[in-house]
Amino acid sequence: MSTTPHWSLKQSFAERVESSSHPLTSYLFRLMEVKQSNLCLSADVEHARELLALADQVGPSIVVLKTHYDLITGWDYQPHTGTGAKLAALARKHGFLIFEDRKFVDIGSTVQKQYTAGTACVIEWAHITNADIHAGEAMVSAMAQAAQKWRERVPYEVKTSVSVGTPGADQFADEEAEDRVEELRKIVPRENGTSREKDTDGRKGSIVSVTTVTQTYEPADSPRLAKTISEGDETVFPGIEEAPLERGLLILAQMSSKGCLMDGKYTWECVKAARKNKDFVMGYVAQQNLNGITKQDLAPAYDDHESAAEEEAQADNFIHMTPGCKLPPPGEEAPQGDGLGQQYNTPDNLVNIKGTDIAIVGRGIITASDPPAEAERYRRKAWKAYQDRRERLA
Ligand code: BMP
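Residue positions within a chain follow its written sequence, with the count starting from 1. A pLDDT threshold of at least 70 governs which residues receive local features in this predicted model, and a stricter bar of 80 or more applies before side-chain atom pairs are shown or counted, although totals over entire chains, interfaces and linings include all residues. In computing side-chain properties, one takes all heavy atoms of the structure into account and sets aside hydrogens as well as water.

Labelled according to an unreviewed UniProt entry, the protein appears under the name Orotidine 5'-phosphate decarboxylase, originating from Pseudoneurospora amorphoporcata. UniProt positions are given in the numbering used here, feature names are shortened, and annotations may be inferred rather than shown by experiment. UniProt annotates the protein under Pathway (unreviewed entry) with the comment "Pyrimidine metabolism; UMP biosynthesis via de novo pathway; UMP from orotate: step 2/2."

Listed below in structure tokens is the structure:
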């Protein structure tokens, strides 16, 4: 492996905007600078209302919200009024992108349908999704083709009305979800752009508020998705325009789980697939930075009869997102695993040392007593790690 760090590791996110080959990546880099955040929340909660509540509370601290729609009870699949549409409204309000961690893997024809149709219609509400490409590179180009067709089919503007109210406990399906809402009620949300520390002045925390969505369709001069949020919740995140409509893919190149079978050969195939599909692939979910990497680095003995991709290595500007991120408990140096194979690293280790761009945190935030305050703590740590990386490599 080259001993010279790849240029993308040294540059600021702002500097990487221009050389990004994907409009959503450029947008995300800009958003990261505006929010001074390189944090993704993995919102693996039980109930859809809990998910929306959490997204509303933690939204100010994050730039990406990662979902697993298939582990959420009560997910409303209505394409234009359901949980996906509500999340999209919250994404506009707080300025974050939605990443459905679906890990698509199948033949091209099947993934096209899974991505753009079926119950979840992932493409409608998720700016970003990911793929495990064990099925081969063809599934990436098939998804790219489906995304392009979808993009061409969005010539109208969807107007969304979100009527805002306090969710009552009776809206939650089970007692645990009720408890969770009670917890969230105690949390004081951060004012837009200001300190996110929990207030100590006894001010009553406002309550997350996502209830009903209604939408109408109108022809649009410029193609935009749902954007008008009415009835008291009209805020669209200031400081940056809404996200572009282009959809993006992250290739799952490496995993955080113990004993993961994704070897260097597989990861090298991911790198080649990314370089071949730059219009659609934003980057990777990986445990190390793969920009500039060569076959020699990953799988020297693998004879893939292709060396051309190595020449493109220098031009790489893919974004990296890394799960398996947790801060150690007070007094300890390293975070513990979860006993089920998950392996954790600190934000500093992932962003500063291993060179990822976005730290993905799930239980580290969602099981905390005060998720918004904890998200803010992670945001500060991950951003500091990014600043330290630049300083270290300058
Ligand atoms: P947690 O921080 O609670 O361990 O959650 C990690 C999240 O990231 C989970 O949603 C998991 O599915 C996902 N994930 C992971 O942990 N490791 C990977 O390599 C890839 C993932 O998508």
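Participant: Give a description of the packing of aromatic side chains that names residues and reports values.
Facilitator: Each aromatic ring pair is specified by the distance between its two centres and by the angle formed by the two planes. Here is the rule: rings of Phe, Tyr and Trp (six-membered ring for Trp) pair when centre to centre is within 6.5 Å. Planes less than 30 degrees apart are stacked, more than 60 are edge-to-face, and the remainder are tilted. Across all of its chains, the model carries 11 aromatic pairs by this definition. Centre to centre, the rings of Phe13 and Trp383 are 5.9 Å apart; their planes meet at 50°, and the pair counts as tilted. Here Phe13, found in helix α2 (residues 13-16), pairs with Trp383, found in helix α15 (residues 371-393); they are 370 residues apart in sequence, far enough to count as distant. You'll find Phe13 and Trp383 in the same group, each marked buried. Ring centres of Tyr69 and Trp125 lie 6.4 Å apart, and the angle between their planes is 85°; this geometry places the pair in the edge-to-face category. Strands here mean DSSP runs of E at least two residues long; helices mean DSSP runs of H or I at least four residues long; both are numbered from the N terminus. The rule is simple: take the accessible area with a 1.4 Å probe, protein chains only, and divide by the maximum for that residue type; under 20% is buried, over 50% is exposed, in between is partly exposed.

Participant: I'd like a rundown of the site of the ligand, residues and numbers included.
Facilitator: Nearness is defined per residue: one heavy atom within 4 Å of the molecule or strand is enough. Taken together, 13 residues lie near the ligand, and Asp44, Asp101, Ser256, Tyr344 and Arg363 sit nearest. As used in this structure description, the phrase polar contact means that two N or O atoms lie within 3.5 Å; if the pair is within protein, one of them must be able to donate a hydrogen and the other to accept it, and residues adjacent in sequence are counted only when both atoms belong to side chains. Ser256 has a polar side-chain atom sitting 2.7 Å from a nitrogen atom of the ligand. In this structure, an oxygen atom belonging to the ligand sits 2.9 Å away from a main-chain N or O atom of Gly362. Residue-level accessible areas treat just the shown protein chains as cover; the underlying method is Shrake-Rupley with a 1.4 Å probe. Starting from 480 Å² of accessible surface for the ligand in isolation, the protein chains cover 89%. In terms of residue class, the shell around the ligand is built from 3 nonpolar, 5 polar and 5 charged. Think of it as three bins: nonpolar holds Ala, Val, Leu, Ile, Met, Phe, Trp, Tyr, Cys and Pro, charged holds Asp, Glu, Lys and Arg, and polar takes everything else, Gly as well.

Participant: So what about the packing of helix α4 (residues 48-58) against α15? Which residues, and what values?
Facilitator: Two numbers describe a pair of packed helices, the interaxial angle and the distance between the axes. Close contact between α4 and α15 brings their axes to 9 Å; oriented N to C, the two are set at 50°. Classified by the angle between their axes, α4 and α15 sit oblique to one another. Crossing of α4 over α15 shows right-handed handedness. Seen from α4, the contacting residues are Leu54, Gln57 and Val58; seen from α15, they are Pro371, Pro372 and Ala375. Looking at the contact of α4 with α15 residue by residue, the classes come out as 5 nonpolar, 1 polar and no charged. All axes here are fitted lines through C-alpha atoms, helices being fitted over the stretch that makes contact, and every angle between N-to-C directions spans 0 to 180 degrees. Roughly parallel here means an angle under 35 degrees, roughly antiparallel means over 145, roughly perpendicular means 65 to 115, and every remaining angle is called oblique. In this scheme the handedness of a crossing depends on how the near helix is turned from the far one: anticlockwise by less than a right angle means left-handed, clockwise means right-handed. Note on contacts: a residue pair is in contact if any heavy atoms of the two residues lie within 4.5 Å.

Participant: Outline the nonpolar core, supporting the account with residue identities and numerical values.
Facilitator: Nine residue types can take part in a nonpolar core, namely buried Ala, Val, Leu, Ile, Met, Phe, Trp, Tyr and Cys, and a core is a set of them joined through side-chain atoms within 4.5 Å. Counting residues in each nonpolar core, the largest one holds 96 residues, and the members touching the most others are Leu28, Ile251 and Met321. Ignoring anything within four residues of it in the chain, the contact list for Ile251 reads Ala131, Ile133, Val140, Cys270, Ala273, Ala274, Val281, Gly283, Tyr284 and Val285.

Participant: Can you lay out the UniProt feature "binding site: substrate" (unreviewed entry) in the protein for me, pointing to particular residues and giving the numbers?
Facilitator: UniProt records the feature "binding site: substrate" (unreviewed entry) for Asp44 and Lys66 in the present numbering. These annotated residues cover 23 residues of sequence, and their C-alpha atoms all fall within 8.2 Å of one another, placing them together at a single site. Relative to the elements of secondary structure, Asp44 occurs in the loop between β1 (39-42) and α4. When sequence neighbours within four positions are dropped, the list of residues in contact with Asp44 reads His68, Leu71 and Ile366. Reaching out from Asp44, the side chain makes a polar contact with the side chain of Ser42 at a distance of 2.9 Å. Leaving out residues up to four positions away in the same chain, Lys66 has contacts with Cys40, Leu41, Ser42, Ala43, Phe99, Asp101 and Ile360.

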